Structure formats: structure tokens, C-alpha cells
Amino acid sequence: MKEWKAKWIMFETCPENVTPVFRRIFSLAKRPESASIDICGLGFYYLKINGKRVGEELLQPAFTAYDRTVLYNTCDITEFLTEGSNEIEVTLGNGWFHEPGEDCFDFEHAVWKNHLQLICQVYADGQFILWSDTKWQCREGKWSYNSVRFGENYDAGAEEKEWSQAVIAKGPGGILKEQKLPGIRIQEYRQPVSVKNGVYDFGRNLSGDVEITLDGKKGDTVEILYGERLDGQGNIDQTLIKRHCDIPRNQIDFYRKGSDEEESWHPEFSYKGFRYVQVKGEAAVRQIRARVFYTVFKTAGGLQCSDPVLQSIYDASLWSVKTNFHHIPTDCPHREKNGWTGDAHMSCEFALLNLDMEDAYLQYLDSLADCQWPSGQLPCIAPTSVYGYNYQSGPTWDGALIFIPWQLYRFTGKKEIPERYYEAMKKYMRYTQQISEDGICKSGLGDFLPDESQEVCPAGMILSCFVMRMAQIMEQISALLQKGDEKEWKALADYVKAAIMRDYYGACNRTESYLSCVLFFGLSENPEKEAKELAGIVRRKGYRAGGGIFGSVYTLEMLTRYGYQEDALKIAGQKEFPGWAFMIQNGGGTLWEHWSGKKGSLNHHMRSAVGAWMFKALTGLVPEECEPGWSRIVLRPCFLDRVKEFSAWHNTPMGRVKIIRNGGRMCVELPDGISAGVYWKGSLYEITGRQELQLW
């Protein structure tokens, strides 16, 4: 644990929602050979030394349950310091620590909400030289309002007040820990593809904000409005992204010019989800560009295939995952920005196939564990303070606590990951019995957001299946970690399975949703027969999708597993409503919350598991049969007529695996130390290195 000589400080008389600015002037006898700063400013901060901004990260530090855990950042500041006089300046924004706007998620009532606060300490050549205390000064900044969701008000001509002395703050309550997960950085600048009546179209649904250059007189004001839809008159329509907010504004910035000269500005303490930006006001827009930013992830894999429709779905899935990750996996980047647990675990496998997510997921899981109640109960969003414990939580969402660590273990081979959360998992699994009766759980959401015209399996069935599956995973984790709880978890899984068979198997309407659930969770007494029945249903439906976020993917997975790969591809690739391709050809390159797109968000990653299915279906990869950490890979390749060429790869802990198809040939390339079991033409082949498979 790091020693902290520094104190939490605050600007006690700063007006509500005005940004406080802190500074400290100090002198150095010589320029240090090395220097660094440990800093946390809540909610968000940006740091300047001698007038220059330090670092490229935005919206730091990462959002946590501040009464339990607070993250600080360590920055190298050697290049910013000089011999003689130096000045450190830190500006604070509300972030999630001091949410000003009322909405249904109750962050304005968070237990941690307090004055914005700063703690930092500076090292030069290995020695403490400076730390936050009452020697620091503070004054009002130029933001009169700032909110992560609702936007910012900035007055470039605001009169600079006199400096006051900072006072000691009590601190947010949580333990200070160094931030390990990557920061948020600008990934690209994007120019508008068109403009009409002050509405700029950036051609794609994205997350970030805009940087704007204005000409006009001092005091001229502009309103910058962000959204993903237009109304019939071509103006931005925010109706569907304001439906959870109880105040009139959402994703709106106001800027007031400070001179008669040309000025450029961008927000600092918020981000938006948008395709369109509308600018209204007195000043003239000379330039505008989108700053696209989200958490920085190293690329860990990818897929390119010859079918443009399937490729567009894969790319949209990945873009939806990226643009919904701002330190946490959010549901959407505009309306809520909440870390919904169901969305997080549904996109987890796909994200891990493509991106290095380990540190980010560990921090998210830490926050989820921080939010767990002593009874074991979990919220449906994390981090949270008040909201989410008694609405929408339940096994289908809470499963993130078990499914994500298990996926991380499978991808990395690190036993310490499930070990880290085992006690929290155990507490939760015992809690599931509090909300179940006679082995059946009905507390929570079922197969969420299907096409409204299609019947899905009963909520109690899929909720109970989740409890059963989690118990089965817990049995494996207990054996892996030698916890000795295997019998408890096996007994629970068997008990719940028997209850599901008693109450649901054979007693439900034989819908696509029901059959896919039966097959996916291993309930079927005759899986070959019921897989054939499932294939018949999707053919009669014209290969239209339409199940909820679980069942729609289960259908693809089960058709693929039981030999109906071409049928699964037809579902994924058909362009009629409802379906993934329908979203892509009618949207901005992202996946939607609702199949129709007429409700809710147009940028949701909870449906991105289709990308993981695509990677596995085309390559033949069977992750559940592979060894943890990919030390041995299992492939069951199938040459599909629709996709005659593809190239897929993934960076394992041992090196890069490549699987390439070119017409009638498939090539598998393995790094040293990895073997593969390939099921080919009825036989199992053990391969290492590079091997070609020939169709003819």
C-alpha cells in the first residue's frame, strides 16, 4: 500500500456545479532527472504544469464506487518541470462523484456525493517534494455547469476571481488504489460528411464530443446539441435518449465567447453518444470535428471474411463494444452510460477474442464486488450507490460476477482471477436460493428484448437455467482452486436442473426461444431431434431473428453445434426485419437495443455476442473444449458455402494463432508451445506449427 503524506483538499465555498481550480507554486533548485505525480481528482480532473496539459488521457480517474475504492493515476512529469519557479494547476469536474442532474438512476443521491476533492503528491529524483495540503490555493473555473450525461456550460470570458486557500476535506471514504486499467484517449478525429441547417452528420454513430472553432463577438453564445436521430424537419430528436432523465437537457453544451477573435473549444468533463451535432446561436462555426474517444485497448484478435454482410455485422459489433467502454462497459453512450451487468457478460467473449480486456474487466469486477450487499445480492449496474438492487437484477444479469471471471480464466489461464472473486461468487450463489422456491427462480428478467411479435421461453425457465449454469461453473472453479465446495455446487446444479425439467421441459410452447434454451443449457433428452425441430422453425420463419439477447444467440450457437451451420449463417445474414443485417443497413454502423430501432438506443453492445458466434462458426473454434490459456486448441472446422474465404487470428498467452480459409483449403498456424486437436473428416488430428486442411 502506497504511503500518502498528501491530504484530500477542497474549495469549500465553490458554487454548485462550478469547476474548482487548484494551484501550487513552488521552486526547484535544479531540474530533476526524473519526476512523477500521484493524483486523484474527483469526479474528473485535468492537470497542467507550467501551462502545459499533462498526459493524453481524458475523464480521469476511472469511475468506481467511491465509498469503497478510489483510483489514482501516476504520471511522469519530468519534461514539464524546470529549474526555478513551477506551477501545478488542477481543474476538477463533477464526473460521477457529484452528479448534478436528477434522473431515475439516483446518482444525485449517491452516498459519496460531496464537494469536489483533490489529493496528489509529487516526487522528484525519488523524494517527496510536494503534496496537497492547505498551502494550495483555489478559485472558480470557467465552467458554470458540467455533467457526464447532461453536458457543460463554459464561459471563455468569465472573470477570474481571487485565489482562496484550500481546506482539508474528509475524503470520499474509499481506499486509494492505483488505476491499472487503460485510460480513455482520442482514437480519431472525424470530419462531418454533410451539413444542413446547422446539423452536422458525422456519418457514423460514435462516442466522444466535438471540437468547435467559432467566429463572432465577445459574449456570443452557441448551443451544441448531440443526438443519434433526426426528426421530420431534419433537426436532432433527443426524445428516446432523454426518456430516463427528469431535467430538460441532455447531451447539450453551451459556449460563450471570451473575445472578438476566433476561438476553439471542446468539452472536458463529459462525453456523448451521437451521429449528429446541431449548433445554434450567435457565433459562426468556422470548423467542427468529432473527437472519437473511449478506453484504449490493444488489439488481441480479429476476423476478416469474404461475405460483406457478415463482415459489416462483425465490425458493427466491435465498434459497439469499443464506443460503449469508457472505463466501464456501458449499455449506451448517451442515455444512461451505466455499467449494466447483463450487457457486460453477453459481450465478454466477443470482446476478449478481439481486445486485451483483462485489466478493464478486473476493475469492473472489483466494482461489482464492492457493490455486493452482505446478503450476496448484486445490483444490475456497477458501479452504483443506490440504484439497481431491486429492479432488473437477477441471475441473467448478476451472472457477470461468475461468467466474466470464468471467461478471463479460459482466455488467460490465470487461476488467480477466479480466486480473486471466489468469496463474492460463493456469497452470491447462496443468495440465489433466497430468491428461488423449489429450485425455480423467477426474480429478474428473462430473454430480454425479443421482437415483440415472437414468443420467448418463460422467464422462470431461463433464470433458473442461469442459476444451474453458474453452479456448474462454480463446481469447476472449486475443483480448480481446491476449495472443497464441489459437492455443494454439484448438488445445487442437479437440484435446479431437476426443478427445471419438472416445471418446464415438455410443458412449454415449442418456440425457437424455448428449444434454443433447452439445447444450450443441456436439458434436452434428444438433442439431435430437437435441433432438427429448431432448424425447421427458423426455416419456416424465413430465417428472421427475433429472440431476446440470449435466445437469439443461443439459436445460432445450437444450429452450428448440431450441423445446421448454413441455416445459422442465413439467420445472421438475412437483411429483412428482424435481424442484425437489418440493423446495419438501416443504421450508423452500430447494433441497436431493440430489433426495430424504433425504440431505445441505436448503439448497444448487448447484442454483440453474434460476433463471437461468427468467429467460432467460421473457424470451427470450440472454446469450451480448449485448455485454459489456449495451451491446447480444439477446432471442428466446417467449409461453409456462403463464406469461402476468411482470415482470423487471436493473441494467446503463448503467441498468435491464425486460422485462414482460401476456397477449399484451410491453414492453421500455431505458435510454439500450443497444440491443436482438429476434427476433420471423421478423424481427430493432433497438430503443431503450421498445417493445411484440404477439402478435396
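In the block above lies the structure referred to throughout.
Let me sum up the structure you'll find in this document. It should be emphasised that the depicted structure is a prediction, and the values quoted were computed from it without experimental measurement. Note that residues are indexed from 1 along each chain, following the sequence as it is written. For a predicted model such as this one, the threshold for reporting local features is a pLDDT of at least 70, and the threshold for listing and counting side-chain atom pairs is 80 or more; totals across whole chains, interfaces and linings nevertheless cover every residue. The side-chain quantities take in all heavy atoms of the structure and omit both hydrogens and water.

**Topic: the environment of Gln179**
Threshold: Numbering of helices and strands runs from the N terminus; a helix is a DSSP stretch of H or I covering at least four residues, while a strand is a stretch of E covering at least two. Residues count as neighbours in contact if any of their non-hydrogen atoms are within 4.5 Å of one another. Polar contact is defined as a pair of N or O atoms within 3.5 Å, subject to the rule that within protein one atom must be able to donate a hydrogen and the other to accept it, and that residues adjacent in sequence are counted only when both atoms are side-chain atoms.
Within the secondary structure, Gln179 is located in the loop between strand E15 (175-178) and strand E16 (184-190). Residues Gln179 and Ile462 lie 283 residues apart in sequence; the distance between their C-alpha atoms is 37 Å. Not counting residues within four places of it along the chain, the set of residues in contact with Gln179 comprises Gln60, Pro61, Ala62, Leu71, Tyr72, Asn73 and His327. Only 3.1 Å separates the side chain of Gln179 from the side chain of Asn73, close enough to count as a polar contact.

**A few points about the nonpolar core**
Heads up, the condition is: Here, nonpolar core refers to any group of buried Ala, Val, Leu, Ile, Met, Phe, Trp, Tyr and Cys residues whose side-chain atoms link them within 4.5 Å. Only protein chains enter the accessibility calculation, which uses a 1.4 Å probe; a residue is then buried when its area is under 20% of its type maximum, exposed when over 50%, and partly exposed in between.
Counting residues in hydrophobic clusters, the biggest one holds 232 residues, and the most contacted among them are Ile77, Trp136, Met429, Met461, Trp580 and Ile633. Take this core: its biggest share by element is 14 residues, from helix H7 (residues 459-481). Contact partners of Trp580, with chain neighbours within four places excluded, come to Ile313, Ala545, Ser552, Val553, Leu556, Ile571, Ala572, Leu591, Trp595, Arg607 and Val610. Ranked by size, the runner-up nonpolar core spans five residues in total, among them Leu225, Ile236, Ile252 and Tyr276.

**Brief notes about the state of the cysteines**
Heads up, the condition is: Note on disulfides: each one is a pair of cysteine sulfur atoms within 2.5 Å.
On inspection of all chains with the given rule, the structure shows zero disulfides. Cys120 supplies the cysteine sulfur nearest to Cys40, a cysteine that is in no disulfide, at a spacing of 10 Å. A relative accessible area of 0% places Cys40 in the buried class. Sulfur of Cys508: no disulfide; nearest cysteine sulfur belongs to Cys457 and is 7.2 Å away.

**With respect to the packing of helix H2 (residues 341-354) against helix H5 (residues 400-412)**
Heads up, the rule is: Axis definition: a line fitted to C-alpha atoms, over the contacting stretch in the case of helices. Angles run 0 to 180 degrees between N-to-C directions. Reported orientations rely on four angle classes, namely roughly parallel under 35 degrees, roughly antiparallel over 145, roughly perpendicular from 65 to 115, and oblique for the rest. In this classification, Asp, Glu, Lys and Arg are treated as charged, Ala, Val, Leu, Ile, Met, Phe, Trp, Tyr, Cys and Pro as nonpolar, and every other residue, Gly included, as polar.
Between H2 and H5, the shortest axis-to-axis distance is 9 Å and the interhelical angle comes to 10 degrees. Between H2 and H5, the interaxial angle falls into the category roughly parallel. On the side of H2, the interface is formed by Thr341, Ala344, His345, Cys348, Glu349, Leu352 and Leu353, while H5 contributes Ala400, Phe403, Ile404, Gln407, Leu408, Arg410 and Phe411. Class assignment for the residues of the contact of H2 with H5 results in nine nonpolar, three polar and two charged.

**A few points about the packing of helix H1 (residues 308-323) against H2**
Two measures define how a pair of helices packs: the angle their axes make with one another and the distance between the axes. Look at H1 against H2: their axes get within 11 Å of each other, and the N-to-C directions meet at 100 degrees. The angle between the axes of H1 and H2 places the two elements in the roughly perpendicular class. Between H1 and H2, the residues in contact are Tyr314, Ser317, Leu318 and Val321 and Ser347, Phe350, Ala351 and Asn354, respectively. The class makeup of the residues in the contact of H1 with H2 is five nonpolar, three polar and no charged.

**What to know about the environment of Thr82**
Tracing the backbone through its elements, the reader meets Thr82 in the loop between strand E6 (69-76) and strand E7 (84-93). For Thr82 and Ser393, which are 311 residues apart along the polypeptide, the C-alpha to C-alpha distance reads 53 Å. Residues within four places of Thr82 in sequence aside, it is in contact with Leu28, Arg31 and Asn50.

**A closer look at the sheet that holds strand E32 (residues 683-687)**
Threshold: Strand pairing follows a simple DSSP-based rule, namely that at least 2 bridges must link the two strands.
What the three strands build is an open sheet, ordered E27-E31-E32; its pairing is mixed. The two strands at the open ends of the sheet, each matched to only one other strand, are strand E27 (632-635) and E32. Between one strand and the next, the sheet's axes are offset by a mean angle of 20 degrees, whatever the strand orientation. One ladder, built from four bridges, connects E27 with strand E31 (residues 675-680); its direction is parallel. Within the sheet, the bridge partner assigned to Ile633 lies in E31 and is Ala676.

**Examining the pairing of strand E20 (residues 252-256)**
Taken together, the three bridges between strand E12 (residues 151-155) and E20 define a ladder with parallel strand orientation. Residue pairing for E20: Tyr154 is matched across the bridge by Tyr255. Pairing of strand E19 (residues 221-227) with E20 involves five bridges; the strand directions are antiparallel. Paired with Glu223 across the bridge in E20 is Phe254.

**Points about the side chain of Asp331**
Using the following cut-off: This count recognises Lys and Arg as positive and Asp and Glu as negative, with His and chain-terminal groups excluded. In the sections that follow, a salt bridge refers to a side-chain nitrogen of Lys or Arg positioned within 4 Å of a carboxyl oxygen of Asp or Glu.
One can find Asp331 in the loop between H1 and H2. Here Asp331 sits buried without a salt bridge, and the closest side chain of opposite charge, Arg335, lies 4.1 Å off (N-O distance). A distance of 3.3 Å separates polar atoms of two side chains, one belonging to Asp331 and the other to Trp340. In contact with Asp331, not counting residues within four places along its chain, are Asn324, Glu336, Lys337, Asn338, Trp340, Asp343, Asn603, His604 and His605.

**Digging into the sheet that holds strand E10 (residues 137-140)**
Backbone-to-backbone hydrogen bonds join strands into a sheet, with any given pair of strands oriented parallel or antiparallel. Spatial strand order, E5-E4-E7-E2-E10-E13: six strands in an open sheet with antiparallel pairing. Looking at which strands have only one partner, the edges of the open sheet turn out to be strand E5 (52-53) and strand E13 (164-165). When E10 meets E13, the two strands line up antiparallel, connected through two bridges. Paired with Cys138 across the two strands is Ser164, which belongs to E13.

**A closer look at helix H14 (residues 609-619)**
Extensive coverage of H14 is indicated by the burial of 11 of its 11 residues. Here H14 has its buried residues at Ala609, Val610, Gly611, Ala612, Trp613, Met614, Phe615, Lys616, Ala617, Leu618 and Thr619. Trailing H14 by a residue or two, Gly620 shows a phi angle of about 85 degrees, which is positive.

As far as function goes, none of this settles anything; it's purely spatial.
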